[in-house]
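# Structure assessment
If you want the building blocks of each chain, they are given just below.
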Amino acid sequence: MRDGLKYPRAYALMLVKTNFEFYVVSPCYVIKEIKNVFKSDGTSESYFEVVFPRKDLNLFSRNEEIIPEINPSNPIECTNSTFVNFITCDYKEAIEKRNRENFSKISYEQFDLVDYYQERINKLETEEIVKIKKLIKAYNTTYEPELWKNTSGTYRNGMVFIK
């Protein structure tokens, strides 16, 4: 059935959602191109309506091929399509775009994690410094006078000189 389809084929970035989101390069059927969609900031972008041949990328899914399904009452409308803003016929270009997109997504998440853990480390370091200072103060007030009483020597600048 796949060989009978006359839709153009290209590569697009398919969004995969697990614990976090990332992109994979997938071949796709191009249904239509929507040019010059204007945004509120005055810029425009082109979008492509595509159908990915694989819905799930699980090892345990059946991975049956999905083909474009056209609405019988409206032959311009595809019922199982998705919109993307990037397609290409060059697989290497798609890989480069995927790497850039995934790096930007993952790096933001990693920066958030780094900031979170850096704050935790700073808090623990501060708590440890306070504990150490308390221990030093307790040691100085508890043991030094006893040491001073039991030994014969001189006490200067926090040090005991034994005779």
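Owing to the predicted nature of the structure, the values given are computational and were not obtained by experimental measurement.

### Some words on the overall build of the chain
- Looking only at helices and strands, the chain has 1 helix and 9 strands in total.
- In the chain, the order of α-helices and β-strands from amino to carboxyl end is β-β-β-β-β-β-β-α-β-β.
- A separation threshold of at least 6 residues defines the contact pool for the chain, and within that pool the share at least 24 residues apart is 45%.
- Surface accessibility of the chain: about 13100 Å² in total, with carbon and sulfur atoms responsible for 55%.

### A word on the pattern of salt bridges
- Throughout the structure, instances matching the rule amount to 2 salt bridges.
- When the shortest N-O distance is used, the salt bridge between Lys-32 and Glu-49 registers 3.6 Å. Of the two residues, Lys-32 sits in strand β2 (residues 21-38) while Glu-49 sits in strand β3 (residues 44-51), which places them 17 residues apart along the sequence.
- For Lys-97, the salt bridge is made with Glu-101, and the minimal N-O distance between the two is 3.4 Å.

### Details of the nonpolar core
- If you look at the biggest cluster of nonpolar residues, it comprises 9 residues: Ala-10, Ala-12, Met-14, Cys-28, Val-30, Phe-48, Val-50, Phe-52 and Val-84.
- At the level of elements, β1 (9-17), β2 and β3 are the ones that each hand at least two residues to this core.
- In terms of residues, this core owes the most to one element, β1, which gives 3 residues.
- Ignoring anything within four residues of it in the chain, the contact list for Ala-10 reads Ser-26, Pro-27, Cys-28, Val-30, Ile-87 and Thr-88.

### Details of the packing of aromatic side chains
- Taken as a whole, this structure holds 1 aromatic pair when the rule is applied.
- Between the aromatic rings of Tyr-11 and Tyr-91, the centroid separation amounts to 5.1 Å while the plane-to-plane angle is 65 degrees, which identifies the pairing as edge-to-face. Here Tyr-11, found in strand β1, pairs with Tyr-91, found in helix α1 (residues 91-150); they are 80 residues apart in sequence, far enough to count as distant.
- Judged by relative accessible area, Tyr-11 falls into the partly exposed class, the value being 26%.

### Some details on the sheet that holds strand β6 (residues 82-84)
- Read across the sheet, 5 strands follow the order β6-β3-β2-β1-β7 without closing on themselves; strand pairing throughout is antiparallel. The two strands at the open ends of the sheet, each matched to only one other strand, are β6 and β7 (87-88).
- By the bridge criterion, 9 bridges tie β1 to β2 in an arrangement that is antiparallel. Of the residues in β2, the one forming a bridge with Leu-13 is Val-25.

### Description of the side chain of Thr-88
- Its place among the elements puts Thr-88 in strand β7.
- By relative accessible area, which is 9% here, Thr-88 ends up buried.
- There is a polar contact of 3.1 Å between the side chain of Thr-88 and the backbone nitrogen of Asp-90.
- Within the structure, the side chain of Thr-88 is placed 2.9 Å from the side chain of Glu-93, a separation counted as a polar contact.
- Other than its neighbours up to four places away in sequence, Thr-88 contacts Ala-10, Tyr-11, Glu-93 and Ala-94.

### Examining the environment of Cys-78
- If you trace the backbone, Cys-78 turns up in strand β5 (residues 74-78).
- A residue is classified by how much of its surface remains accessible, and Cys-78, at 6% relative accessible area, is buried.
- The contacts of Cys-78, once residues within four sequence positions are left out, are Ile-31, Glu-49, Val-51, Pro-68, Glu-69 and Ile-70.

What counts and how
- Residues numbered from 1 in each chain as written.
- Predicted model: local features only at pLDDT ≥ 70, side-chain atom pairs only at ≥ 80, totals over all residues.
- Heavy atoms only, no water.
- Helix = DSSP H or I, 4+ residues; strand = E, 2+ residues; numbered from the N terminus.
- Contact = heavy atoms within 4.5 Å.
- Areas by Shrake-Rupley, 256 points an atom, 1.4 Å probe, with all protein chains shown as cover.
- Salt bridge = Lys/Arg side-chain N within 4 Å of Asp/Glu carboxyl O.
- Core = buried A, V, L, I, M, F, W, Y, C linked by side-chain atoms within 4.5 Å.
- Buried < 20%, exposed > 50% of the residue type's maximum accessible area, 1.4 Å probe, protein only.
- Phe/Tyr/Trp six-rings, centres within 6.5 Å; stacked < 30°, edge-to-face > 60°.
- Pairing = 2+ DSSP bridges.
- Polar contact = N/O pair within 3.5 Å; in protein donor to acceptor, adjacent residues only side chain to side chain.

Keep in mind these values describe shape, not function.
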